Each structure stands twice: as structure tokens, then as C-alpha cells.
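Analysis of the macromolecular model
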Amino acid sequence: LAPGMAAGHNNVAVGHMYAKNLHVSIKLLENKLAQNNTFVLQRAMVLNLCSMYELASTRCNESKQTLHSWILKRASDDFDPSTTRLA
């Protein structure tokens, strides 16, 4: 997939999730986030990543808090940080 194909990378990650490769799907999206600050900042991708965190661990709030903090530091002002669904 081309680096800028956010929807394609998101779909591949979701495919890994449904194939029971949850940790692979999480790493795929996290690696894309690390490579390109704005890559994952699409609502659907953040929601999927948070859902994957919830499925992977009972301590998902720590991962979601890290993502939330990253969003607050790097996202544009119009991105809704509540997308991480932190209570």
C-alpha cells in the first residue's frame, strides 16, 4: 500500500483484527502513526485503534490515554480528542 492510503492501511489493520491477529493490527496502526503525525488522525482510524486496545487488554485506558495525549499535542484544532472514548 502507498504510504498516503489511510483507508487502505485501516482496512488491512481491521482485516488482521478479524483474523485474530489483534496485536498485528494494533502495531500496524501505531507504526503508521509514528511514521506520519497526521496519518492516523482520521476519526475512523482512531476509533478502530481504540476498539483494538479495548479488545486486546483490560488495561486499555493506558494505551488510549497515550493516544489521547499524542492527539492533544499534534492534531489540528478541529480534531475531536474525545474520539478516544476516554471516560
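As a reminder, the structure under discussion sits directly above these lines.
What you are looking at is a predicted structure, and each value in this text was computed from that prediction instead of being measured.

Rules used in this analysis
- Residues numbered from 1 in each chain as written.
- Predicted model: local features only at pLDDT ≥ 70, side-chain atom pairs only at ≥ 80, totals over all residues.
- Heavy atoms only, no water.
- Salt bridge = Lys/Arg side-chain N within 4 Å of Asp/Glu carboxyl O.
- Helix = DSSP H or I, 4+ residues; strand = E, 2+ residues; numbered from the N terminus.
- Buried < 20%, exposed > 50% of the residue type's maximum accessible area, 1.4 Å probe, protein only.
- Axes fitted to C-alpha atoms, helices over the stretch in contact; angles between N-to-C directions.
- Parallel < 35°, antiparallel > 145°, perpendicular 65-115°, else oblique.
- Left-handed = near helix turned anticlockwise from the far one by under 90°.
- Contact = heavy atoms within 4.5 Å.
- Nonpolar A, V, L, I, M, F, W, Y, C, P; charged D, E, K, R; others polar.

**Side note on the pattern of salt bridges**
- Applying the stated criterion across every chain yields a total of four salt bridges.
- When the shortest N-O distance is used, the salt bridge between Glu-54 and Lys-64 registers 2.7 Å. With Glu-54 in helix α3 (residues 43-56) and Lys-64 in helix α4 (residues 60-74), this residue pair connects regions lying ten residues apart in the sequence.
- Classification of Lys-64 as buried rests on a relative accessible area of 3%.

**Quick look at the packing of helix α1 (residues 6-18) against α3**
- In the contact formed by α1 and α3, the axes pass within 10 Å of each other and the chain directions differ by 20°. The pairing of α1 with α3 is recorded here as roughly parallel in orientation. Handedness of the α1/α3 crossing: left-handed. In this structure, α1 uses Ala-6, Asn-10, Ala-13, Val-14 and Met-17 to contact α3, whose residues at the interface are Ala-44, Met-45, Asn-48, Met-52 and Leu-55.
- Counted by class, the contact of α1 with α3 contains eight nonpolar, two polar and no charged residues.

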